[in-house]
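For reference, the chains in residue letters:
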Amino acid sequence: MKPNFLRDFFLSVMLFFIVVPDPAFCQTQKIKHAERVAWFTDARFGMFIHWGLYSGAEGLWKGEKHRHFNNYAEWIQYRNRIPREEYLKLQNRFQWEEIDPEAWVILAKKAGMKYITITAKHHDGFALWDTRVGDYGFTHHGGRDVIAELAGACKKHGLRLGLYYSHWVDWDHPYGWDHNQELLKNLTDDQFNTYWQEKVIPQLRELLTHYGDISILWFDMWLHHSETIVKRDQLEQVLHLVRELQPACLVNTRLGLHEVGDDGVDFETLGDNELGSVYKKFPWQTPGTIAHSWGYHAYDHRWKSQAQLLHELINNVSLNGNYMLNIGPRADGAVPHESILRLQNLGNWLAINGDAIYGCTGLELAPDGHYWGRFTYKFDKSQGLYKIFLHVFNWPLDGTLSFTGVKDAPLRIYPLSDKHRGALSFVHKGPLTEIEVPRLAPDPLVSVLVLEYKQEPQLIDAVVPKASFGGFSLKPGNARPKIMGDQWQKYDGTAPAHLLISKDQTLKWQVYIDKPGKRKFDLSYSSPKADRSRFAVKSGDQLLQGNFVRTGKVVVEPNQNFYADQFVETEVGEINFAEEGIYEIILDVKPGKGELIKFNWLWLQE
Ligand code: FHN
């Protein structure tokens, strides 16, 4: 081969760029996961927007309703098998003179949301920005660059911007994932990779380059990559691109990679409308719809109530999670009135109670132990105080709110909505704080009480909290150590959630007894087979024993041949708790040979 100086020069320049790391990328490596996600875990509440060509269809195609029980309006092209050219005609329904992305930002801000994630490209493959990777997007069909306008408006109003990008499913690209195509035409790995390299990567590059700070790239593959056609290398290529171009941008687990942290993605996305049920130390989020469909659907009237939406937000924050609530604007950009009402009400509540949401996390106590609601927690740097916020969904009629699980006494307690922070009386003993509350709830939706502490509150997490109107419900679900395994029978609308016990079993609980004295125990169970099974309830050296009596069936609905196991409750006897303190309660169940006990609860009276 003859020497070619020009070629060698170009080769060495290329090599330089390949081998010498980009300074921006070096910078990337320095942003730790914890730093990247700090704003996200502070924000807690965001808006999701599903808007695209499908918004013009409104869940109907040529007079026919969406073909699927799961009538997500954004799936109409796929469900109703709409040809591309016909689908594209929906762009004629868009009223661009009315469409105003800034109005969405203002709505989100007034609702107390701190970020917006919009469907830059949903499964239909149609772009909401001015893509140069093909011409399948609004700007090539009489529309504007909605992403540019939204990015400008977010910046102006101080909200962060996230972009939803459907990387796996793409019904437009001949080699994008289409469930139908894959099953009927055997899409090959090479073909899929062609789609990946010629559409996904260049489009993501556009989004990460031309629209300023992108705070989240929200991917939407609801299976792990190993269960799909997508390869780990392809996903890592995306992650690398994001870290290179926008080191601070967050990526969710629906990319298809499930490790959260420095070497992985940034937060977990739970299933659609799936709420948190356990405290997780890493950041996570629920994407929730305000009704049923994500995109605008004319026939979707399943609006969630304000109380439900607020409970969902609070529940997630109490478990260290985020809540991203979706709206589906119409083809003129208008947001349905039902959505506006709910967002305004959430905003009004947050304007008063935001301190109990933003910057808060939860406490690692049993999440649903307190019948009245949930609690969130933060260290308030400005005041040098630790604060626990009790979110009371169910205001106590007996004038006392019990909170169990913190060893330390609070400095003071007051309703968050009270500008004067009028202190409420309380008694604190052991892990129990009992608060005297006013007759009427300060807020008709959710009232918040603030408990202030000088030191970081020490938790006692194993103690069962007091139930409504006093007493303790000792259930298989709150026994410690936790009962694992396959003995569980879920609540099925008729029979309660219960534990199936066919061989000797011991369950243990701890309760805090604040007023010494004798207390009665009741037992709820079903014993469908025979009556040789026995039980014992113990605390210290005191013992109560008895037989399970054979139970029968109950008719669930009159005039129907529908029976269920009967659960009965029976008095077990009394145990004397001589002093105030924490006691262990033990239940031993000894089923007779071949018998089965369905254990529901043990009730310890106040
Ligand atoms: O198929 C999509 C659906 O249309 C919607 O975008 C939701 C939002 O989380 N994600 C997918 C289903 O999980």
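These numbers were taken from a predicted model, which means no experiment stands behind them.

### A few points about unusual backbone geometry
For the bond from Arg480 to Pro481, the omega torsion is 0 degrees, close enough to zero to count as cis. Phi at Arg44 takes a positive value of approximately 65 degrees, unusual for a residue other than glycine. Of note, Arg44 is situated in the loop between α3 (33–43) and β1 (45–49). Backbone geometry at Arg421 places phi at a positive 50 degrees, although glycine is not the residue there. Secondary-structure assignment places Arg421 in the loop between β14 (412–415) and β15 (426–429). Owing to a relative accessible area of 32%, Arg421 belongs among the partly exposed residues under this scheme.

### A closer look at the sheet that holds β15
Ordered by their spatial adjacency, 3 strands build an open sheet running β13-β16-β15, and the pairing between neighbours is antiparallel. The sheet terminates laterally at β13 (400–404) and β15, the two strands that pair on one side only. Here the strands of the sheet are splayed against their neighbours by 15 degrees on average, with no regard to which way each runs. Where β15 meets strand β16 (residues 432–436), 4 bridges bridge the pair, whose relative direction is antiparallel. Among the inter-strand pairings, Phe426 is bridged to a residue of β16, identified as Ile435.

### Some remarks on the packing of helix α11 (residues 306–318) against helix α12 (residues 337–353)
Across the interface, α11 lies against α12 with an axial gap of 10 Å and an inter-helix angle of 50 degrees. Comparing the axis directions of α11 and α12 gives the class oblique. Our pair here, α11 against α12, has a crossing hand that is right-handed. Side by side, α11 and α12 meet where Gln306, Leu309, Leu310, Leu313 and Ile314 of the first sit next to Arg342, Asn345, Leu346, Trp349 and Leu350 of the second. Tallied by class, residues from the contact of α11 with α12 come to 7 nonpolar, 2 polar and 1 charged.

### Remarks on the site of the ligand
Close to the ligand lie 14 residues, the nearest being His50, Glu74, His123, Asp220 and Asp272. In the model, a nitrogen atom of the ligand is placed 2.6 Å from a nitrogen or oxygen of the Asp220 side chain. Taking 330 Å² as the accessible area of the ligand by itself, protein coverage stands at 95%. Its residues assigned to classes, the shell around the ligand comprises 7 nonpolar, 3 polar and 4 charged.

What counts, and at which threshold
- Residues numbered from 1 in each chain as written.
- Predicted model: local features only at pLDDT ≥ 70, side-chain atom pairs only at ≥ 80, totals over all residues.
- Heavy atoms only, no water.
- Helix = DSSP H or I, 4+ residues; strand = E, 2+ residues; numbered from the N terminus.
- Buried < 20%, exposed > 50% of the residue type's maximum accessible area, 1.4 Å probe, protein only.
- Pairing = 2+ DSSP bridges.
- Axes fitted to C-alpha atoms, helices over the stretch in contact; angles between N-to-C directions.
- Parallel < 35°, antiparallel > 145°, perpendicular 65-115°, else oblique.
- Left-handed = near helix turned anticlockwise from the far one by under 90°.
- Contact = heavy atoms within 4.5 Å.
- Nonpolar A, V, L, I, M, F, W, Y, C, P; charged D, E, K, R; others polar.
- Near = heavy atom within 4 Å.
- Polar contact = N/O pair within 3.5 Å; in protein donor to acceptor, adjacent residues only side chain to side chain.
- Areas by Shrake-Rupley, 256 points an atom, 1.4 Å probe, with all protein chains shown as cover.

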